[in-house]
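Per-entry structural report
Listed here are the chains, written in short residue letters.
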Amino acid sequence: MKVVTTENLHKRFGKLEVLKGIDLSVESGKIISIIGPSGSGKSTLLRCLNHLEVADFGSIKIDDEYICEADEHGKAVYKSGKEVLRICSRLGMVFQNFNLFPHKSVIENLMEAPIVVKGESKEAAMEKAEKLLEKVGLSEKRDAYPGQLSGGQQQRVAIARALAMDPEIMLFDEPTSALDPELIGEVLKVIKDLAEEKMTMIIVTHEMNFAREISDKVLFMDDGDIIAEGPPKEIFENPDHPRIITFLDKIIQKS
């Protein structure tokens, strides 16, 4: 079953066309990694999926419901704000820079949205939050504040916070790019654990080995287009597009 679908998705910022007609299809339980150079539109694509950015043309469908559909001119026409919020609540998002509430404790960060958005009781939200902190290995930090945590710990809290909303699909926007190298592994382990549970995930990442290991499919984006997609082995070991070959060569030289 396809749980995320976009057709001919376009997004502009002023005169800059960032997405140039993206066709994306993600099946339930699958892990899609999106790789490519900076500025290729990877993060903008994720932000359009969960309505942090508004697409200009094309359509976006989550499960069997459209958040926007193309009209007769191709222009993206969105459902009402309430309907879009309801549909997008199926998506959890983890950002590069954690985006935790600095004035709230770890446990409060996890409890906030389930109580405010979903109307869960304080007791139910706390019980769920404690289980999620155990899941990401941070039970002992429940009463700490974000500023008292390492970057890796903050990102694990951010993942737990997204999971507290019971999403069907997780979106990760370069979840390790703000971390020191020695902290990356602890975050990737949490994502691997989710993969073993068959969580549907779309991951924008610069961690090539991780993408190769975890993905069912890899997409390569460049200049607002998906220029190649396929199994990790095909993309990483037998790339047939010169842009991918150049990109991977540069990554290997850096590492």
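Residues numbered from 1 in each chain as written. Predicted model: local features only at pLDDT ≥ 70, side-chain atom pairs only at ≥ 80, totals over all residues. Heavy atoms only, no water.

1. Some points on the pattern of salt bridges
- Scanning the entire structure with this criterion turns up 21 salt bridges.
- The salt bridge partner of Lys118 is Asp166, with a shortest N-O separation of 3.1 Å. Of this pair, Lys118 sits in the loop between α3 (106-116) and α4 (122-135) while Asp166 sits in the loop between α5 (151-163) and β8 (169-173), placing them 48 residues apart in sequence.
- For Lys118, a relative accessible area of 40% gives the class partly exposed.
- By relative accessible area, Asp166 is classed as partly exposed at 45%.
- Glu127 is the partner of Lys131 in a salt bridge, and the nearest nitrogen-oxygen pair spans 3.6 Å. Of the two residues, Lys131 and Glu127 are both situated in helix α4; the distance of 4 residues between them amounts to about one turn of the helix. (Salt bridge = Lys/Arg side-chain N within 4 Å of Asp/Glu carboxyl O. Helix = DSSP H or I, 4+ residues; strand = E, 2+ residues; numbered from the N terminus. Buried < 20%, exposed > 50% of the residue type's maximum accessible area, 1.4 Å probe, protein only.)

2. What to know about the sheet that holds strand β2 (residues 16-27)
- With antiparallel pairing, the 5 strands of this open sheet are ordered in space as β2-β1-β4-β5-β6. Bordering the open sheet on either side are β2 and β6 (76-78), each of which pairs with just one other strand. With strand direction ignored, the average angle separating the axes of adjacent strands in the sheet is 20°.
- Where strand β1 (residues 2-13) lies against strand β4 (residues 57-62), 5 bridges are found, and the strand directions are antiparallel. Looking at the pairing, Val4 lines up with Ile62 of β4. (Pairing = 2+ DSSP bridges. Axes fitted to C-alpha atoms, helices over the stretch in contact; angles between N-to-C directions.)

3. A word on the packing of aromatic side chains
- Within this structure, the stated rule accounts for 1 aromatic pair.
- Over the aromatic face of Phe101 sits the side chain of Arg161, whose NZ or CZ is 5.7 Å from the ring centroid. (Phe/Tyr/Trp six-rings, centres within 6.5 Å; stacked < 30°, edge-to-face > 60°. Lys NZ or Arg CZ within 6 Å of the ring centre and 35° of its normal.)

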